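Structural features, examined
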Amino acid sequence: MNDLSNIIIDKLIIHRVFKRGPSNELIIPDYSNNPISLNHTESNVIRERLVTALGKNSKSLLMDAVEKDEDSTISIISKLHNCSSDEFTLYSKNITLKLAEAQTYKRISDCALFIITGTVGTENIPFACIVKSEAQSAFRLIENARHEKSLELIEDALLGKDQKLYKIGFISNLNKDISDFEILIFDSNLDQFKSNNAAKYFYINFLGCKIKENSAKLTRDFFDETTKFINSLDTNLSTKFNLQNQLNAYLLSEGSVTINSSDFANTVFKDSDTIDKYIDHLGSQEIAIRSIIKDTNLINKKLKKRHLNFSNGIRIIGDQQTIENSLKIISNDNSMVTLEISGNLINQS
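Moving on: the overall build of the protein chain. Scanning the protein chain from terminus to terminus reveals 11 helices and 15 strands. By the burial criterion, 47% of the 349 residues in the protein chain qualify as buried. Long-range pairs, those at least 24 residues apart, make up 67% of the contacts in the protein chain with a sequence separation of at least 6. Total accessible area on the protein chain stands at roughly 17,900 Å², and carbon and sulfur atoms take up 45% of it.

Right, dumping it as structure tokens:
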């Protein structure tokens, strides 16, 4: 789902989910009893924030539904298509309870759960969107004498610009079988997806999904196509050498468990034209532009051992860290390359 244009919101409801009690007991959520009426400005705010969070350059991941039985969250979500307001409210309460049951970690805070339905894209594909917001500002619900809740200052409450703690499940193709649903997951703490069990509850325990892609293959494809692009650049050898070092370092870094092509491009390339050409190149090779889970199993040898091949048959081989720290390209004029190697020649054969 790359086309997030023409989002039209049909229904939106908000419930509040509480953290577990002192003995880790479930606290029943605070349910709304009716969908919220949105004005034009509020609808535009939601639409813009969803596109920013879930667009093709975002840190979102494609998922597959695993749990599809009648009582599963994804099965309840499927019922949101073409339902009445009363049915929508009832199903949304069931979904909210599912989240409360999945949040078994005591350190998970109170949150607001936004459940949205509508259509997306030029073909008006039906979707449902589940947004979990942990910011305290998201709790600003106003209740009238008829116990109807309305949202105050939705710009702050839902995906606000300073809002850093939220998770989104965006499910499209609701008019099709669950196996054909397109599911995007966004987590503001995306780098914890694979390394932190507490971060998995939203997409595994709650939504019953798994990461769609073959992460090892996608990581290899990202590395191979980025290397090809670097080698194709109309620039000097020293620049290409340094860019390759940055690519290897990016994939070897232990600070992140995800790869994001847009982030990488904006970090290593110096001008917008090169960035655009790089993103276009990856797109032409069907390399995922959105975030993917990093899995270097298929390229560990390439990352850890550098091979520099010259036109005269000379080869320089060394560990990535050693090459990066101990080899410097002094000049590259026509067919002549001058290198500086920090080290002593200890033997030859």
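Overall, antiparallel pairing links the seven strands, which are arranged β1-β3-β4-β7-β8-β2-β9 in an open sheet. Where the open sheet ends on each side, the last strands, each with one partner, are β1 (8-17) and β9 (209-211). Looking at each pair of strands side by side, their axes are set apart by 25° on average, direction ignored. As paired strands, strand β2 (residues 60-65) and strand β8 (residues 182-187) are joined by four bridges and run antiparallel to one another. Paired with M63 across the two strands is I183, which belongs to β8. Running over the sheet, helix α3 (residues 85-102) touches β1, β3 (111-120) and β4 (125-133) and is turned about 45° from β1.

With that settled, consider the pattern of salt bridges. Applying the stated criterion to the full structure yields nine salt bridges. The partner of D273 in a salt bridge is K277, and the shortest N-O contact between them spans 3.3 Å. Of this pair, D273 and K277 both sit in helix α9 (residues 272-284), separated by four residues, roughly a single helical turn. A residue is classified by how much of its surface remains accessible, and D273, at 42% relative accessible area, is partly exposed.

In this model helix α7 (residues 237-252) runs 22 Å from its N-terminal to its C-terminal C-alpha over 16 residues, within 8% of the 22 Å that 1.5 Å per residue would give. Among the residues making up α7, those that are buried are K240, F241, L243, Q244, N245, L247, N248 and L251. At the N-terminal boundary of α7, the capping side chain belongs to N236, with an oxygen 3.2 Å from the backbone nitrogen of S238.

A few words on the packing of aromatic side chains. Enumeration over the complete set of coordinates arrives at 10 aromatic pairs. Arranged with centres 4.7 Å apart and planes meeting at 20°, the rings of F127 and F170 form a pair that is stacked. Placement of F127 in strand β4 and of F170 in strand β7 (residues 166-172) is noted, with a sequence separation of 43 residues between them. Consider the rings of Y250 and F264, whose centres lie 5.1 Å apart with planes at 50°: the pair is tilted. Here F264 lies in helix α8 (residues 261-268) and Y250 lies in helix α7, a separation of 14 residues in the sequence. On the accessibility criterion, F264 (2% relative accessible area) is buried. Through pairs of rings, three or more aromatic residues link up here, namely F222, F229, Y250, F264, F269 and Y278.

Thresholds, definitions, all that
Residues numbered from 1 in each chain as written. Predicted model: local features only at pLDDT ≥ 70, side-chain atom pairs only at ≥ 80, totals over all residues. Heavy atoms only, no water. Helix = DSSP H or I, 4+ residues; strand = E, 2+ residues; numbered from the N terminus. Buried < 20%, exposed > 50% of the residue type's maximum accessible area, 1.4 Å probe, protein only. Contact = heavy atoms within 4.5 Å. Areas by Shrake-Rupley, 256 points an atom, 1.4 Å probe, with all protein chains shown as cover. Pairing = 2+ DSSP bridges. Axes fitted to C-alpha atoms, helices over the stretch in contact; angles between N-to-C directions. Salt bridge = Lys/Arg side-chain N within 4 Å of Asp/Glu carboxyl O. Expected span 1.5 Å × (residues − 1). Polar contact = N/O pair within 3.5 Å; in protein donor to acceptor, adjacent residues only side chain to side chain. Phe/Tyr/Trp six-rings, centres within 6.5 Å; stacked < 30°, edge-to-face > 60°.

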